[in-house]
Amino acid sequence: MQYPTVTTKLVILLGKPLGHSVSPQMHNLAFEKLDLDYCYMPVEVAPADLQTVFNGLTRMNVVGFNVTIPHKINIIKYLDKLDPLAATIGAVNTICVRNGKTIGYNTDGEGFLQSLESEAHITPRGKRFFLLGCGGAARAISMTLAHHGAKKIFICNRTLSKAEKLTTEINEKIADCAITVPQNAANRADILQECDVLINTTSIGMHPKENALPIEESLIGKHLTVADIVYNPLTTQLLKVAKDRGCATVHGLGMLVNQGAAGFRLWTGIEPPVKEMFATVFSAMNTV
Ligand code: NAP
């Protein structure tokens, strides 16, 4: 391992709490593997200190940032420029510092799309998606699906008003393809029959409540590709049930690694060692 020097390029993860994050292991492994003089460091920041800390860091040898909960939206007001997709999504998870200027990106949705393509050979154009949940991750994924030509996106959330707000925003900003489905709608089975991909973006099924299912088992038809963005455990109860019912499945670790790989390309301009990053995240998850 190389030790950092004054010329080492720094990439900083901003968020709070960060104790669970496996991104430092994933990126430092990739830098080391490619013999790049970069260092990735987690920095916990409270919302009240975000501006001060961010401004200070951009005056150091920092070439990029990852941004996570609770700063993904608030960081935008401190940036010089915003990538069009990040502007549409309204949240940033990756920042590049180029010639002293900060540019915000959102690679969460792209990371999901890449794992859908590499693991299930599905591209969004012309496809119908059924999303469970409507939080930050659902927002990035649904906006990115719409941006890439999804035909229909059905959004089903416990809090109906949030789903209504997101579908209106997608239909106004990108394409008229999003539809709200109440969680208790009687016709969910018919709608799912029409869909190609079911995506769980809720936290249901996440450790330690691993036996929970975000949708009734009987609604999961074998024609569906079922993706779960929960990555701890790797094979969630939803994915177990979907596999048993004959569905193709996509786990959440691919999204995590691919969103990081997209950031790595933006910071370095170099293709990252994705397979090794995946293996590192997988083993790190069992130790943090
Ligand atoms: P978030 O903004 O807090 O949204 C959580 C969503 O889950 C909301 O739609 C919420 O519904 C729903 N939900 C939570 N508990 C529920 C319950 N008991 N019943 C029904 N709905 C429930 O969270 P997020 O950032 O989008 O993250 C969601 C999950 O995705 C987390 O498990 C996170 O670890 C995972 N994630 C994975 C990746 C990856 O790279 N694989 C990336 C980001 C997030 P309401 O609106 O009704 O509250």
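This write-up is about the structure you can find in this document.

Reading the values: the criteria
- Residues numbered from 1 in each chain as written.
- Predicted model: local features only at pLDDT ≥ 70, side-chain atom pairs only at ≥ 80, totals over all residues.
- Heavy atoms only, no water.
- Near = heavy atom within 4 Å.
- Polar contact = N/O pair within 3.5 Å; in protein donor to acceptor, adjacent residues only side chain to side chain.
- Areas by Shrake-Rupley, 256 points an atom, 1.4 Å probe, with all protein chains shown as cover.
- Helix = DSSP H or I, 4+ residues; strand = E, 2+ residues; numbered from the N terminus.
- Pairing = 2+ DSSP bridges.
- Contact = heavy atoms within 4.5 Å.
- Axes fitted to C-alpha atoms, helices over the stretch in contact; angles between N-to-C directions.

### As for the site of the ligand
Here comes step 1: Residues in close proximity to the ligand total 20 residues, the closest being Cys134, Ala137, Asn157, Thr159 and Gly252.
Here comes step 2: Asn157 places a side-chain nitrogen or oxygen 2.8 Å from an oxygen atom of the ligand.
Here comes step 3: Taking 930 Å² as the accessible area of the ligand by itself, protein coverage stands at 73%.
Here comes step 4: Elements with a contribution of two residues or more to the shell around the ligand: helix H5 (136-147) and helix H9 (253-268).

### Considering the sheet that holds strand E3 (residues 62-67)
Here comes step 1: The sheet built from six strands is open, its strands ordered E2-E1-E3-E5-E6-E4 with mixed pairing. Lying at the two open borders of the sheet, with one neighbouring strand each, are strand E2 (38-44) and strand E4 (81-82).
Here comes step 2: Note that strand E1 (residues 9-15) and E3 share five bridges and pair parallel. Across the sheet, the residue bridging to Leu10 is Val62, located in E3.
Here comes step 3: Where helix H1 (residues 23-33) meets the sheet, its contacts fall on E1, E2 and E3, and the angle it forms with E2 comes to roughly 170°.
Here comes step 4: H9 contacts E1, E2, E3, strand E5 (94-98) and strand E6 (101-105) of the sheet and is inclined by roughly 5° relative to E5.

The values reported here are purely geometric and, on their own, carry no functional implication.
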